[in-house]
Amino acid sequence: MRLDRRLALAMAALTGTLLAAVPGVSASAAAAPRAVPLPIADAADVVATGDRIFVSGGRNSTDVVVTAANGDLVSTLSGLPGPTDLQLSADRQTLYVALPSANAIAAVNTGTLTEFARFDTGAAGCPSSLALTGRFLWFGYGCGGWDGNIGRLDLGRQPAVLTTGLARESYYGAPFVTAAQQNRTVLLAGQPGVSPASVDAYGIGTGGALSFLRTNDFMAVGSNLRDIALNPAGDTVYTASGAPYEVQAFPFAAITAPTATFRTGAYPNAVELTRDGTRVAGGADASYDPDVFVFGLDGTEQARFELGADLVPGGLAWSPNGARLYAITSDWTGARPAILHVLPVPAA
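Reading the values: rules and limits
- Residues numbered from 1 in each chain as written.
- Predicted model: local features only at pLDDT ≥ 70, side-chain atom pairs only at ≥ 80, totals over all residues.
- Heavy atoms only, no water.
- Phe/Tyr/Trp six-rings, centres within 6.5 Å; stacked < 30°, edge-to-face > 60°.
- Helix = DSSP H or I, 4+ residues; strand = E, 2+ residues; numbered from the N terminus.
- Buried < 20%, exposed > 50% of the residue type's maximum accessible area, 1.4 Å probe, protein only.
- Contact = heavy atoms within 4.5 Å.
- Core = buried A, V, L, I, M, F, W, Y, C linked by side-chain atoms within 4.5 Å.
- Pairing = 2+ DSSP bridges.
- Axes fitted to C-alpha atoms, helices over the stretch in contact; angles between N-to-C directions.
- Salt bridge = Lys/Arg side-chain N within 4 Å of Asp/Glu carboxyl O.
- Disulfide = S-S within 2.5 Å.

Enquirer: Please set out the packing of aromatic side chains residue by residue, giving values where relevant.
Expert: According to the stated counting rule, one finds eight aromatic pairs in the structure shown. Aromatic pair Tyr-202 and Phe-212: ring centres 5.8 Å apart, planes at 75°, arrangement edge-to-face. In this pair, Tyr-202 is assigned in strand 17 (residues 198–204) and Phe-212 in strand 18 (residues 210–215), connecting sequence segments ten residues apart. Ring centres 6.0 Å apart and planes at 20° place the aromatic pair Phe-293 and Phe-295 in the stacked group. Across this residue pair, the class does not change: Phe-293 and Phe-295 are buried. Cluster of aromatic residues (ring-pair linked, three or more members): Tyr-238, Phe-262, Phe-293 and Phe-295.

Enquirer: Break down the environment of Leu-155 for me, with residues and values.
Expert: Tracing the backbone shows Leu-155 in the loop between strand 13 (149–154) and strand 14 (161–163). It is 12 Å that separates the C-alpha atoms of Leu-155 and Ile-105, two residues lying 50 residues apart in sequence. Apart from residues lying up to four places away in sequence, Leu-155 is in contact with Tyr-96, Phe-119, Leu-132, Arg-135, Leu-137 and Ala-160.

Enquirer: So what's going on with the nonpolar core? Residues and values would help.
Expert: Core analysis: the biggest nonpolar cluster contains 16 residues, and Val-46, Val-55, Tyr-326 and Leu-340 have the highest contact counts within it. Those elements that provide at least two residues to this core are strand 3 (45–48), strand 4 (52–56), strand 27 (310–318), strand 28 (324–330) and strand 29 (339–344). In contact with Tyr-326, not counting residues within four places along its chain, are Val-46, Ala-48, Ile-53, Ala-69, Gly-315, Leu-316, Ala-317, Ser-319, Leu-340, His-341 and Val-342. If you look at the next biggest cluster of nonpolar residues, it comprises 15 residues, including Val-186, Val-221, Leu-230 and Ile-255.

Enquirer: Describe the sheet that holds strand 10 (residues 114–120), with residues and values.
Expert: Spatially, the four strands line up as an open sheet ordered 7-8-9-10, and their pairing is antiparallel. At either end of the open sheet lies a strand with only one pairing partner, and these are strand 7 (86–88) and strand 10. Sheet twist, expressed as the average angle between the axes of neighbouring strands with direction ignored, equals 20°. Pairing of strand 8 (residues 94–99) with strand 9 (residues 104–109) involves six bridges; the strand directions are antiparallel. Directly across from Leu-95, in strand 9, lies its bridge partner Val-108.

Enquirer: Describe the pattern of salt bridges, listing the residues and the values that go with them.
Expert: Inspection of the entire model under this criterion finds eight salt bridges. Of the charged contacts, one joins Glu-115 and Arg-118 as a salt bridge, the two residues approaching to 2.8 Å between their closest N and O atoms. You can call Glu-115 partly exposed: its relative accessible area is 34%. Residue class for Arg-118 comes out partly exposed when judged on its relative accessible area of 38%. Each of Arg-168, Glu-169 and Asp-200 takes part in salt bridges that share partners, so that together they form one network.

Enquirer: Tell me about the state of the cysteines, and please be specific about residues and values.
Expert: What the rule picks out here adds up to one disulfide. Residue Cys-126 pairs covalently with Cys-143 via a disulfide, S to S 2.0 Å. Measuring the twist about the S-S bond at about 100°, one finds the Cys-126-Cys-143 disulfide to be right-handed. In this pair, Cys-126 sits in the loop between strand 10 and strand 11 (129–133) while Cys-143 sits in the loop between strand 12 (136–141) and strand 13, placing the two residues 17 residues apart along the sequence.

Enquirer: Kindly report on the sheet that holds strand 18, identifying the contributing residues and their values.
Expert: Read from one edge of the open sheet, four strands run 15-16-17-18, paired in antiparallel fashion. Of all the strands in the sheet, just strand 15 (176–179) and strand 18 have a single pairing partner and so form its edges. Mean inter-strand twist for the sheet, computed between neighbouring axes without regard to direction, equals 30°. With six bridges connecting them, strand 16 (residues 186–191) and strand 17 associate as antiparallel partners. Bridge pairing in strand 17 places Gln-191 opposite Ser-198.

See the structure below:
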């Protein structure tokens, strides 16, 4: 099945990455997508500041690749042990990089491309996911087994104050964590890779106190959670799980039944909202089908893209203005380098 898919996708690659807009939207409304090979064998995450794109190389790498908004290579940040999750500050001037291989989190100036701080997470081993609410940098940590938990760095203190063990109970490995752009009082944590999948909603109080609010109803999220997101207001939860074959949206106040679904085909593995929260990007590892979709909030498909390789779990990022979508793919055989896909998105 994999080999057949590779052959089919290789044929598609001869004509470049394909864009298929929904009926009524002209394909000429957007520039051609672009696929840029990167100087890393694998990729873990991607974020966009507007003029620069950052792609982390994953646990077997020491690099974060920097490109221009159009994908042209700019630089490579080296000396970063096992870079995985990336998190931008609200002003997009600082990039935080999770370094599970060093039990640390690095802070990089996105203008000068220099690392100016590195925060040791101590006994909180393998910090792998990041979220930011004001002065608090949250991280999911755990190296394996039921040692996963949530930690916090108070960046408003000098030196930054580390607190660990904040979750209501342990997770199997490092949980996903994510926060809302416009709401500093909520945090979402997801348990990856197990069945049934689960997400936990937390409230953030005075001084960064974390309080458990609720979890999802049994089986509501599906199985094998691959990515999570919150809308900017923090009142809607989005999940991408291996099953069901769709991204789901739930009220943050009651994670019981989806209020909207976004059909991606088999094995959804990524979800990302535009900065204004009006469009949803969903991705999947769906054989013989498009990999990336753009939807309105009601689930109406607006565009779709075939990448020609496997979308990295969680490997989507919108440009701040919503005009471009960035996706990262890797070759499971190791025969090709990781690729950054620059996908111009037609106006809604």
